[in-house]
Amino acid sequence: MLNHEVFSPWRSHLRSHRAGWSLAFLAACAAVLTWWGGEAVLFPSVSGQEPVSASGAGFMPLLSGCAVVLSCTDGMGRFSSVAAVPRHRVLALHLTAAVTVAVLLSCVALALSGAAESIPLAVRNLLGFTGAAALCAAVLGFRSAWILPLVQAVAAFMVGSPGAGGAHARWWEWPRAASTDGGSWAVCGALAAVGVGALLLRNRRTGMPEGR
């Protein structure tokens, strides 16, 4: 007797996007964040000034944000392009779910590390780096989504010098700005809105393959 497996579009979506690998990577980032937490680590300054300090809550969202957008890479791009549900809608749901998972894992990791006060910093930077990755993906494709976040991180953690606790951070130093800095939240919110909006718009107008 033949065993016919019922087709599930969501199971197929998760499989084609290698959701298991993405979840494992986000879990690994959370594990590192549990160990690193709110502790400061010194980065060398390319400007020759004193070493720049950065906490895990400020730095690890770089990896998580890139993972969120890279998880949109579709191994069945041609099949997805003719699916009944428009690709940009599926992409919006995928990004929402991936960001939610990344935020929850980060919050749990910081709570376990005893650095719950660093949760706002991690959430803000996750929004900012995810937005930067989405904007880069809209221009260069999903597999190149890591370039702009990496450039931003290098600028903030190895060039910028916002002062103790990020109290005097300039707008482009938002990854190291204090979590109470309203300007940094505005920049991250704008990055997330523009980046995700551009990515969805490009998918809607040009039918950009998710696997690109």
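Residues numbered from 1 in each chain as written. Predicted model: local features only at pLDDT ≥ 70, side-chain atom pairs only at ≥ 80, totals over all residues. Heavy atoms only, no water.

(A) Region of interest: the environment of Pro149. Position of Pro149 relative to the elements: it lies in helix α8 (residues 147-159). The buried category is assigned to Pro149, whose relative accessible area is 0%. As for Pro149 and Gly131, which are separated by 18 residues in sequence, their C-alpha atoms are 8.7 Å apart. Discounting chain neighbours no more than four positions away, the residues touching Pro149 are Leu62, Cys66, Phe129, Ala132 and Ala133. (Helix = DSSP H or I, 4+ residues; strand = E, 2+ residues; numbered from the N terminus. Buried < 20%, exposed > 50% of the residue type's maximum accessible area, 1.4 Å probe, protein only. Contact = heavy atoms within 4.5 Å.)

(B) Quick look at the packing of helix α7 (residues 119-140) against α8. The interhelical angle for the contact between α7 and α8, taken along N-to-C directions, is 135°, at an axis separation of 7 Å. Viewed along their axes, α7 and α8 adopt a mutual orientation that is oblique. Of the residues in α8, those touching α7 at Phe129, Ala132, Ala133, Leu135, Cys136 and Leu140 are Ile147, Leu148, Pro149, Gln152 and Ala153. Taken together, the residues of the contact of α7 with α8 break down into ten nonpolar, one polar and no charged. (Axes fitted to C-alpha atoms, helices over the stretch in contact; angles between N-to-C directions. Parallel < 35°, antiparallel > 145°, perpendicular 65-115°, else oblique. Nonpolar A, V, L, I, M, F, W, Y, C, P; charged D, E, K, R; others polar.)

(C) Structural detail: the pattern of salt bridges. Per the counting criterion, the structure on display carries one salt bridge. The salt bridge partner of Glu173 is Arg170, with a shortest N-O separation of 3.1 Å. Judged by its relative accessible area of 45%, Arg170 falls in the partly exposed class. (Salt bridge = Lys/Arg side-chain N within 4 Å of Asp/Glu carboxyl O.)

(D) Region of interest: the side chain of Ser64. Structurally, the position occupied by Ser64 is in helix α4 (residues 61-70). The class of Ser64 is buried, set by a relative accessible area of 5%. Residue contacts for Ser64: discarding those within four places in its chain leaves Leu26, Cys29 and Leu126.

(E) Fine view of a nonpolar patch on the surface. A contiguous nonpolar surface patch, about 890 Å² in accessible area, is contributed by Val46, Leu70, Val139, Leu140, Trp146, Ile147, Leu148, Leu150, Val151, Val154 and Val159. Of all the secondary structure elements, the ones that give two or more residues to the nonpolar patch are α7 and α8. Sort the elements by how many residues they give to the nonpolar patch and α8 lands first, with six residues. (Patch = residues over 30% accessible without salt bridge, like charges linked within 9 Å, V, L, I, M, F, W, Y side chains within 5 Å. Areas by Shrake-Rupley, 256 points an atom, 1.4 Å probe, with all protein chains shown as cover.)

(F) The arrangement of the packing of aromatic side chains in detail. Tallied over the entire structure, the rule returns three aromatic pairs. A ring pair is formed by Phe59 and Phe157, whose centres lie 5.5 Å apart and whose planes are at 70°; its orientation type is edge-to-face. Of this pair, Phe59 sits in helix α3 (residues 56-59) while Phe157 sits in helix α8, placing them 98 residues apart in sequence. A relative accessible area of 18% places Phe59 in the buried class. (Phe/Tyr/Trp six-rings, centres within 6.5 Å; stacked < 30°, edge-to-face > 60°.)

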